[in-house]
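Notes for the structure review
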Amino acid sequence: MENEQHHSPAYRALLLAGTRLKPLQQVHAHLIVSGSGRIRSLLTKLLSLACAAASITYTRRLFFAIPVPDSFLFNTVIVKTSKLGFSIDSLLFYRRMILSNISPSNYTLTAVIKSCADLSALEVGRVIHGHVLVSGYDLDSHVQAALVSFYAKAGDLGVARKVFDKMPDRTVVAWNSIISAYEQNGFAKEAIGLFYLMRDLGVEPDSATCVIVLAACAQSGDIGLGNWVHEYVVGQDFDVNVILGTSLINMYARCGHVSRAREVFDLMMESNVVAWTAMISGYGMHGYGTQAVELFNQMRAHGLRPNRITFVAVLSACAHAGLVHEGRHVFASMKQEYRLVPGVEHHVCMVDMFGRAGLLNEAYQFIKEVIREKPAPAVWTAMLGACKMHKNFDLGVEIAEHLLSVEPENPGHYVMLSNIYALAGRMDRVEMVRNMMISKSLKKEVGYSTVEIDQRTYLFSMGDKSHPETNQIYRYLDELMSRCREAGYVPESESVMHEVEEEEREFALRYHSEKLAIAFGLMKTSDGMAIRIVKNLRMCEDCHSAIKYISVVANREIIVRDRLRFHHFKDGSCSCLDYW
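The following paragraphs examine the structure supplied in this document. Just so you know, the residues in each chain are numbered from 1, in the order the chain's sequence is written. At least 70 in pLDDT is required for a residue's local features to be given in this predicted model, at least 80 for side-chain atom pairs to be given and counted, and no such filter applies to totals for whole chains, interfaces and linings, which use all residues. To obtain the side-chain values, all non-hydrogen atoms of the structure were used and water was disregarded.

What follows covers the environment of A146. In this description a helix means any DSSP run of H or I spanning at least four residues, a strand means any run of E spanning at least two, and both kinds are numbered starting from the N terminus. Its place among the elements puts A146 in helix α10 (residues 141–153). When accessible area is computed with a 1.4 Å probe and restricted to protein chains, residues below 20% of their type maximum are described as buried, those above 50% as exposed, and intermediate ones as partly exposed. On the basis of relative accessibility, which here comes to 13%, the residue A146 falls in the buried class. Once the C-alpha coordinates of A146 and A174 are considered, the two residues, 28 residues apart in sequence, prove to be 8.3 Å apart. When near neighbours in sequence (up to four residues on either side) are disregarded, A146 contacts T110 and I113. By the convention used here, residues are in contact when the closest approach between their heavy atoms is within 4.5 Å.

Shown next, in the form of structure tokens:
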């Protein structure tokens, strides 16, 4: 009888109404009047369409009007609400299902675990994990993959890995879940290692795998694997849709190949705001501010509406390229043309832009007049960086001391204040700040640099002597720096603390991690090959100056990605034009 309802006029009327709320309600009213309001197949379809129409209030009203919902109705509403992002409702429907003594299916459990992941509801998820064990679905591949994703999003990588390791049948979906878990928690190297293991075990990557691995490559700067993934995508004839295309753009941009990123962008058959924003951001991080602004204007001309992240990307590009006039215009359009309220990230970009351009008064005025009430610490940090850059020590000390009162446990503020005191020659204050850090057990973040040679990554820290070829590396670097001195290089002594003796200062500067990584890269690669370095901190002024000279005496292009941006050194100059 119920199957016949699928061919009834009422069912066809529901299909015709689709996900339009008013027509759905009209059909519902007709069902009640005609006496068909309790037919399960019609109710289930009505519920499904109401949920898809994003009317959760109507969905709730419909569901709670049903006297005794069966497992199929519960399944429908739980899966639909979870899929459409109504995570809390999904969990509430599941709770009612359990209280009704109806056993969940593997689809139900997969859906509610996803809802827990979306909410980062760790404790609720653990309870549902218990239900999984009791229900006997602990070996179901879909449920296990959902559990891996849940624990990863909740930040419990240990349990995520335990669930994965116990899986008897690891599908590509399961591998994607665990690789993504490591990538999203900042462990790109481990994610890449798992990808290689997956391939060794004969599991073929799918399009989703490629997206995840490209994100890990972008995070780690692994251009070798990134190129391989791109070739694999082409070889497998995968559809380079917006998601995959944007992942390739991000990977190439963050691995120093902004021209390749643009090639991918230009070849995309369809693109959205996310893809345009990725390309704008790519230009910005490489110092191509003019191109970023041009692309932003082209995007608007195409009728695409910039979102908040787009504005961050273009404002950051303006800040790093000294495009103050353009930045002002973009910021004004955000508020006036698109009616978007600027957030902390946009304010930071504006203060950074004014500050880098030496407009300290304007930056300070922007904080006081535009932001007004309680500017976020990140805003003051940008202002502090500008004070250090332009040697305004009085204002710098005032801001740094304010930051310490707001965020007393942030070691970066102490380091910046210490540096400003040192540059101002206030060594008594340097010692005071250092003692404060010791008393609070705060440590400065350790800097390190990596270089990739023959698909292997090598890590160096300042004064590092752990490498088996340490003596050769240091000897090569000494000769290299001697040639740089002959070419005109003079160490930037202000880059280290002022109480260090002159000879010690030069030693400390010479063996910074990026210089060691570059020396090793030059030793191990052929003439003409570009050297690519990734540094976890901002590059110091001395290394920036030295690498310009190294690019001349070694006749190599050297690309350094530091915490803030990319620097392309070639023939004695840097793409940032010393503005970073």
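For two strands to count as paired, DSSP must find a minimum of two bridges between them. On the basis of which strands lie adjacent, the open sheet formed by six strands has the order β2-β1-β3-β4-β5-β6 and mixed pairing. Here the strands that pair on one side only, and so sit at the sheet edges, are β2 (456–461) and β6 (573–574). In the sheet, strand β4 (residues 558–561) pairs with strand β5 (residues 566–570) via four bridges, with the strands oriented antiparallel. Paired with V560 across the bridge in β5 is H567.

On to the packing of aromatic side chains, then. Geometry of aromatic contacts follows a simple scheme: Phe, Tyr and Trp rings, the Trp one being its six-membered ring, pair when their centres are within 6.5 Å, and the pair is stacked under 30 degrees between planes, edge-to-face over 60, tilted otherwise. Going through the model one piece at a time under the given rule, you end up with 18 aromatic pairs. Ring centres of F195 and Y196 lie 6.1 Å apart, and the angle between their planes is 50 degrees; this geometry places the pair in the tilted category. In this structure F195 comes out as buried when scored by relative accessible area, which is 1%. A ring pair is formed by F331 and F366, whose centres lie 5.6 Å apart and whose planes are at 65 degrees; its orientation type is edge-to-face. Residue F331 is located in helix α21 (residues 324–336), and its partner F366 is located in helix α23 (residues 360–371); the two are separated by 35 residues in the primary sequence. In this structure F366 comes out as buried when scored by relative accessible area, which is 7%. An aromatic cluster of three or more residues is present, and its members are F195, Y196, W228, Y232 and F238.

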